[in-house]
Amino acid sequence: ASEKPVKAKEFDKELFKRSVEYNVRTLYRKNLEEADAQQIFQAVSYAIKDRIVENWMETQKAYEKEDPKMVYYMSMEFLMGRALGNNLINLKAYKPVAEALEELGLDLNLIEDQEPDAALGNGGLGRLAACFLDSLATLGYPAYGCGIRYRYGMFKQEIRDGYQVEVPDNWLMNGNPFELRRPEYAKIVKFGGYVSVHTDENGRNVFTQEGYQSVKAIPFDFPIVGYGNGIVNTLRIWDAEPVECFQLDSFDKGDYQKAVEQENLARNIVEVLYPNDNHYAGKELRLKQQYFFISASVQEAVEKYMRKHDDIHKFYEKVTFQLNDTHPTVAIAELMRVLMDDYYLTWEEAWEITTKTCAYTNHTIMAEALEKWPIELFSRLLPRIYQIVEEINRRFVLDIQQKYSNVPGVDVQEKIRKMAIIYDGQVKMANMAIVSGYSVNGVARLHTEILEKQELKDFYEMFPERFNNKTNGITQRRFLLHANPLLADWVTAHVGDDWITDLPQISRLKVYADDKKAQQEFMNIKYQNKVRLAKYILEHNGIEVDPRSIFDVQVKRLHEYKRQLLNILHVMHLYNELKEHPELDFYPRTFIFGAKAAAGYRNAKLTIKLINSVADVVNNDPAINGKIKVVFIENYNVSNAEIIFAAADVSEQISTASKEASGTGNMKFMLNGALTLGTMDGANVEIVEEVGEENAFIFGLSAQEVINYENHGGYDPMEIFNNDQDVRKVLMQLINGTFAPGDPELFRPLYNSLLNTQCTAKADTYFILKDFKSYAEAQKRVEAAYRDEDNWAKSAILNVACSGKFTSDRTIQQYVDEIWHLDKVVLK
Ligand code: 26V
């Protein structure tokens, strides 16, 4: 292995052991024998943090000296998961630390299990942000993550009687050993009130917000450790505190009232992550959260720049903001405000800087996810920001008129209706992000094409040079090196360890795909990982599963477009077949699900109940001889995901084509040698392109076919219901009590969503019945393929070998080359 000379600071085992013992002593007045598991975790983490802090200071000093351009990755969500194991991996200290702890009689795995996940995100978008931070640090690019320090992250899911129950995630309960509070960088953020204008002595209009409420934003910094390069970047997440109010004892009723309100505002604002994924709800508190962390982050970026430079006009040469979906889009107006109101720039000067600073990533085409704020709410909460948005809109509408007024065949009013930022009483955040930045990107090739040709067609026509694709990626450090040590060591033994920082090198495994010994070793590792997952399932679900069965896995947020319902309906169909033909030669299969549903999403929650109800019946029916098992893994999160991906044979990526922008779980499965069973959607298209269709199971309508149906009012699911007896049977079982003996009507809403006899246009909007047959056939191909073990092993190895494209290192390098234009910083 190549310990590069850079930062080859040898790990000093004895020093580390002493430091753990010392920490337990000073933190808890205990020795190692007396301390409990959580205390040991804290002591170990502080010992590691000591090491990180040195590199952190050196990195920041180097940035200070070299003054490179920086990216601020602005995101409402960072789904970081656990830090300890990942930090050890990236410090290249995992194995020596595990050994040192063993010498103290401690098990690193159990210590890692003490750490709560930092679940400051919902799903794909938040986890992508976390992978990007890992890659930025590993590639040596200067970057800040900017976000919110939610007191409560993504809820914990408990399953009671088959139903999801949401339990608060008090992740900071025991304190967070890796965070650093930075009160010296606190900022004030203002809400509400009104804007007054007066002319100053130079004849300039001066805008001031008055009668507002304010909140103090206090940053907490998390170290982001690069892999083996000594670089430590910063994730800066903001906490809210009330501003000191010396008049709290005042008898003036108005002041007292205001002080109490400000305190409540501070208390509420960072209280909890909204657990909605892909669904916009228009909540006032959500907009407050957005402006809160954006105002603080923009103020800090500008102040930091001005500490070293004197010409604000060149801001964009040193700073770029990447907006992770529209959630941070108020950054555009906030930067305009700071430049005009605090630095006295003209509109034109401020606009030039802002449009050269901001870039936007789109993560979904689902209409219900588009953020549109009612003017009333927006202008009441952010009066000065609203004025600026109005002016951006006014000028943009003029541009549209100028460009299209004399173009024959173009309906200018129609263009304005579709493209204006403010229209119909609403502020449309995506339109603002596109109009006010220098880059708009989608997250997989197909997704970007759909944006350009359909969803954002008018904008693409007006600003074609802004549009670009950046296919998502994942970090192999967490999702192979840490999550699957057996496979990671096997890969390294065969092709060396360059893949850790250069994933395409993993393609050198291809020569082993046909090698019988390699195939056996691979299948043996997969088996051991299945045993590890089986143990987890037994401990957490009390269900026994056979690691020799096919592990067929769908883990992701629960959403109708992701079609967990298609999966479970097919399980019901297989169960019916086995019941009717007990003699059927059926390869044992374990169907594994993991999914959180948004708390208010009825059909999603009912689908969880259906999965658990089917599990109850199928798992306990002696007639099928244990050939099918169904498992719903409670509380799917980053930590148990690591165990799940490593153990999967089949990766279910079965979204309605055109709906899943990219997907990133699909990449994690591939990297761990699972075969994709999927539609031609999102990044699946590119996965199949890399590994070859013969090493995946593709089915279903194409994106274009789905879009064609949608443009012609949908399709008629009744026809399928009437003609396909397999489909008819499983649908009837939704309403005849087969899986809900006490309450046959329980699943009626799911039945209705598929058939809705009142209105066919609203039936089966995700084409579940339309794709059912094709899915069932693909599943037959899966079974046949698995019976040929050598060939399966070959395909699985090829999946690992062809996963090189899907590292987030590649994605970040493309952002750097094609959008941000940053320079690498190398530590001496
Ligand atoms: C959207 C919304 C809408 C407004 C209110 C709350 C809320 C919270 C989260 C989101 C994010 C939805 C977009 C999203 O997560 N997209 C996913 O992004 C992944 C990374 O690019 C991608 O792999 C998934 O396909 C895509 O669904």
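Residues numbered from 1 in each chain as written. Predicted model: local features only at pLDDT ≥ 70, side-chain atom pairs only at ≥ 80, totals over all residues.

The chain appears in an unreviewed UniProt entry as Alpha-1,4 glucan phosphorylase from Waltera acetigignens. Turning to the chain, the UniProt annotation filed under Catalytic activity (unreviewed entry) states: "[(1->4)-alpha-D-glucosyl](n) + phosphate = [(1->4)-alpha-D-glucosyl](n-1) + alpha-D-glucose 1-phosphate". (UniProt positions renumbered as here; feature names shortened; annotations may be inferred.)

Further remarks concern the overall build of the chain. Check the secondary structure of the chain and you find 32 helices and 25 strands. A compact globule built from 828 residues would reach a C-alpha radius of gyration of about 28 Å, and the chain, at 28 Å, matches this within 12%. The dimensions of the chain, computed from C-alpha atoms along their principal axes, are 95 × 75 × 55 Å. (Helix = DSSP H or I, 4+ residues; strand = E, 2+ residues; numbered from the N terminus. Rg over C-alpha atoms; globule rule 2.2 N^0.38 Å.)

It is worth spelling out the domain arrangement of the chain at this point. Taken domain by domain, the chain consists of domain 1 (1–66 + 89–113), domain 2 (67–82 + 117–437) and domain 3 (476–812). Just the C-alpha atoms count here: the centres of domain 1 and domain 2 sit 35 Å apart. The partner domain 2 presents 16 residues to the 19 residues of domain 1 that form the contact. Ranked by the residues each element gives to the side of domain 1 that touches domain 2, the list is headed by helix α2 (residues 37–66), at 12 residues. (Domains from an automatic or database assignment. Contact = placed C-beta atoms within 7 Å.)

Attention now goes to the sheet that holds strand β21 (residues 589–594). If you walk across this open sheet you meet the 6 strands as β22-β21-β20-β23-β24-β25, and the pairing is parallel. In the strand order of this sheet, the two ends are held by β22 (628–632) and β25 (697–698), each with one partner. Bridge analysis of strand β20 (residues 550–555) against β21 gives 6 bridges, and the strand direction is parallel. Within the sheet, the bridge partner assigned to Phe551 lies in β21 and is Thr590. (Pairing = 2+ DSSP bridges.)

For helix α23 (residues 638–647), a buried count of 7 out of 10 residues is recorded, marking the element as mostly surrounded by other parts of the structure. Listed in full, the buried residues belonging to α23 are Val638, Ala641, Glu642, Ile644, Phe645, Ala646 and Ala647. (Buried ≥ 20, exposed ≤ 12 C-beta atoms within 10 Å, placed from the backbone.)

With that out of the way, let us pick up the packing of helix α10 (residues 330–342) against helix α11 (residues 347–357). With their axes 9 Å apart at the nearest point, α10 and α11 run at an angle of 140° to one another. The angle between α10 and α11 falls in the class oblique. For the pair α10 and α11, the sense of crossing is right-handed. Across the interface between the two elements, Ile332, Leu335, Met336, Leu339 and Met340 of α10 pack against Trp347, Ala350, Ile353, Thr354 and Thr357 of α11. By residue class, the composition of the contact of α10 with α11 is 8 nonpolar, 2 polar and no charged. (Axes fitted to C-alpha atoms, helices over the stretch in contact; angles between N-to-C directions. Parallel < 35°, antiparallel > 145°, perpendicular 65-115°, else oblique. Left-handed = near helix turned anticlockwise from the far one by under 90°. Nonpolar A, V, L, I, M, F, W, Y, C, P; charged D, E, K, R; others polar.)

Within the largest apolar cluster, 242 residues are counted, with the highest numbers of intra-cluster contacts made by Tyr72, Phe292, Ala331, Val389, Val614 and Ile797. Apart from residues lying up to four places away in sequence, Val389 is in contact with Ala333, Ile421, Ile422, Val427 and Met432. (Core = buried A, V, L, I, M, F, W, Y, C linked by C-beta atoms within 7 Å.)

Turning our eyes to something else, we now look at the site of the ligand. Around the ligand there are 24 residues in total, and Gly124, Leu125, His363, Ala661 and Ser662 lie nearest to it. Taken together, the residues that form the shell around the ligand break down as 7 nonpolar, 13 polar and 4 charged. A domain split of the shell around the ligand shows at least three residues from each of domain 2 (67–82 + 117–437) and domain 3 (476–812). (Near = placed C-beta within 6 Å.)

Here the focus is the UniProt feature "modified residue: N6-(pyridoxal phosphate)lysine" (unreviewed entry) in the chain. Within this numbering scheme, the UniProt entry marks Lys668 as carrying the feature "modified residue: N6-(pyridoxal phosphate)lysine" (unreviewed entry). Tracing the sequence through the fold places Lys668 in helix α24 (residues 665–671). Non-local contacts of Lys668, meaning those with residues more than four positions away in its chain, are made with Ile474, Phe479 and Phe645.

In space, the 3 strands of this open sheet follow the order β15-β17-β16, with antiparallel pairing throughout. Every other strand in the sheet has two partners, leaving β15 (372–374) and β16 (422–423) as the edge strands with one partner each. Of the strand pairs in this sheet, β16 and strand β17 (residues 426–428) are connected by 2 bridges, and their pairing is antiparallel. Following the sheet pairing, Ile422 is matched in β17 by Val427.

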